[in-house]
Amino acid sequence: MTVDPLDVPPNPSEPFQPRSGQRGSGFLTGPLRLGTTPSATVGPYLAIGLTWPDGVYAAEEGTAGGFWIRGRVTDGNGDVVPDALIETWQADPDGRFASPEDPRGASTYPGFRGYARAQTLSGEFEVFTLKPGRVPDGEGGLQAPHIDVSVFARGLLDRVVTRIYFADEADANAEDAVLRGLSEDQRATLLATPGEDGYRFDVSLQGERETVFFAV
Amino acid sequence: MTGTTSDSGLHLPRYLREDAATRTPVGFPDYRSTGLRAPLRTPVDLPHRLTEVTGPVLGEDRVLPHDADLTWRNGGEALGQRILVHGRVLDSDGRPVPGALVEVWQANSSGRYRHVVDNWPAPLDPHFDGLGRVVTDSLGRYEFLTIKPGAYPWGNHHNAWRPAHIHFSLFGRAFTQRLVTQMYFPDDPLFGQDPIYNAIPAAARHRAVSRYSLERTQDNWALAFEWDIVLRGVDQTPFETDDDGDVA
Ligand SMILES: [Fe+2]
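Each residue is numbered by its place in its chain's sequence as written, counting from 1. Following the order in which they are written, the chains are lettered starting with A and the ligands numbered starting with 1. In keeping with the model being predicted, local features are shown solely for residues with a pLDDT of at least 70 and side-chain atom pairs are shown and tallied solely at 80 or more, while totals for entire chains, interfaces and linings include all residues. For side-chain calculations, the full set of non-hydrogen atoms in the structure is used, while hydrogens and water are omitted.

Here's the deal with the pattern of salt bridges
Salt bridge, as applied in this entry: a Lys or Arg side-chain nitrogen positioned within 4 Å of an Asp or Glu carboxyl oxygen. Applying the stated rule across the entire model yields 34 salt bridges over all chains. Residue Arg37 of chain B pairs with Asp83 of chain A through a salt bridge whose shortest N-O separation is 2.9 Å. In this pair, Arg37 of chain B is assigned in the segment before β1 (44-45) and Asp83 of chain A in the loop between β2 (73-74) and β3 (84-90), connecting two distinct chains. Side by side, Arg37 of chain B and Asp83 of chain A carry an identical accessibility label, which is buried. Between Asp102 of chain A and Arg104 of chain A there is a salt bridge whose closest N-O contact spans 2.7 Å. Salt bridges here are not isolated pairs; linked through shared partners, they connect Glu87 and Arg117 of chain A together with Glu103, Arg133 and Arg178 of chain B. Elements are defined by DSSP. Helices are runs of H or I of four residues or more, strands are runs of E of two residues or more, and each kind is numbered from the N terminus. Any residue under 20% of the maximum accessible area for its type is buried, any over 50% is exposed, and the rest in between are partly exposed; the area is computed with a 1.4 Å probe on protein chains only.

If you want it as structure tokens, here you go:
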């Protein structure tokens, strides 16, 4: 069997060249050895590629303790954005992630995926999930229950990232290192508010109450 | 009840961030839709904790057998130039990303998307839906067969036409690595007037362009285009030194 040398994982002592565009021009002088692929907008037709029949279920339908998070995405005029996609990623109720990258071991919580994606076509997105547990903040404390959120849309050349916290977790929120770094007004944009069958969480891309977005 | 876990001994990776000079900005004035949508305030730095360094496991269970061949739908062959698109998914320290879900979507050979919002007067193709999904192999390789998408007008400015492109979506291993992007074809004459392409800083634009691959072009069958995708890698520098004491 012949082996294509370019298909062999590179020797870590030698920079590796991606085969895209001009060969050999993908390097940075900084700690990155390969330039990362630049992001681009999802455009108006994201529904073709990025929707799944079971997309909205971070936890299986009917899981005990499950609830809906619903909300709108609005633009700088306050108009609803109907062609956005929301993705959510979170820990299970025990604070574990359904991921081999969780160094404490992956979640085994029944029916829990931890990931959901939902369009805003009807004016609102909705995802079905469970309340995440508290997870370590890496500095000896615990984070408040939270969900990482990516927002994609026509008119956004890269995703924007925010977090959902829960307004009914006041004690945990008061101890959360990320929330503590924000002003009262900023914090308010990250709080999902309890409602009939779950929570509401609106995303304001611009304006007076622009949601706090994070650089990750 | 919410659970808690001690973080004693937790050692988490830190994902490198592309320099602003080579990263696509969220907003770009020439791309008009960004005007009311791109956030105006400076984003707040979020340290990489457990939520950011983990990510969903999405693999073969998200893919159907025909998902790697977009040229055959509804019992017939799509019209257009048949192409094989292939490459590798790597992270920025050059390591392949195996088992990674790659989702793609695109216009047909006339430049029309199968989507209710796309109604410009170019024909739909009953044998093309424009959706593909593949999973990278153990060396991070992916490939799919499709037809070359056409250019299409989009009203951003007078006579605005998108260069031919395929939309790509990747997850990698971690929330930080999530990437949605577009792959272009070499030497497209429409690059100069396209603000979505030109929003990428000049020094990084070539990374979004595939290259023609004679090696994989199949005689009497399909042209091949090669495109490697590089996701953010982990910063290794603080942890390792070699025998000479140099940072590995
Ligand atoms: Fe497109």
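Let's talk about the sheet that holds strand β5 (residues 101-105) of chain B
Residues and elements named next belong to chain B. Overall, antiparallel pairing links the four strands, which are arranged β6-β5-β10-β11 in an open sheet. Whereas interior strands pair on both sides, the edge strands pair on one side only; in this sheet they are β6 (131-135) and β11 (179-184). For this sheet, the mean inter-axis angle between neighbouring strands, taken without regard to orientation, is 25°. As paired elements, β5 and strand β10 (residues 165-170) share four bridges and run antiparallel to each other. Directly across from Val104, in β10, lies its bridge partner Phe168. Here, strands pair whenever DSSP counts at least two bridges between them. Only the stretch in contact is used when a helix axis is fitted, and all axes are lines through C-alpha atoms; the angle between N-to-C directions ranges over 0 to 180 degrees.

So, the coordination of the iron ion
Note on metal geometry: ideal angles are 109.5 degrees for four donors arranged tetrahedrally and 90 or 180 degrees for six donors arranged octahedrally. Residues and elements named next belong to chain B. In this structure, Tyr113 (OH), Tyr152 (OH), His165 (NE2) and His167 (NE2) serve as the protein donors to the iron ion, at separations of 2.0 to 2.2 Å. Any nitrogen, oxygen or sulfur atom within 2.8 Å of a metal ion counts as a donor, with the limit raised to 3.2 Å for Na, K and Ca, and since water is left out, coordination shells can look unfinished. Here a site with four donors is tetrahedral if all angles are between 85 and 135 degrees, and a site with four or six donors is square planar or octahedral if opposite donors are over 155 degrees apart and the other angles are between 65 and 115; anything else gets the irregular label. Bound by four donor atoms, the iron ion shows angles of 91 to 160° at the metal and therefore irregular coordination geometry. Between consecutive donors of the iron ion, the numbers of intervening residues give the motif Y-x38-Y-x12-H-x1-H. In this pair, Tyr113 is assigned in the loop between β5 and β6 and His167 in strand β10, connecting sequence segments 54 residues apart. Each of the two residues, Tyr113 as well as His167, counts as buried.

A short note on the side chain of Thr146 of chain B
Residues and elements named next belong to chain B. In this fold, Thr146 is placed in strand β7 (residues 141-147). Polar contact is the term for a pair of N or O atoms within 3.5 Å; when the atoms are in protein, one must be able to donate a hydrogen and the other to accept it, and sequence-neighboring residues count only if both atoms are side-chain atoms. Here the side chain of Thr146 touches Gln106 through a polar contact of 2.9 Å, side chain to side chain. The criterion used for residue contact is that any of the two residues' heavy atoms lie within 4.5 Å. The contacts of Thr146, once residues within four sequence positions are left out, are Leu70, Thr71, Gln81, Arg82, Ile83, Val85, Gln106, Phe128 and Ile166.

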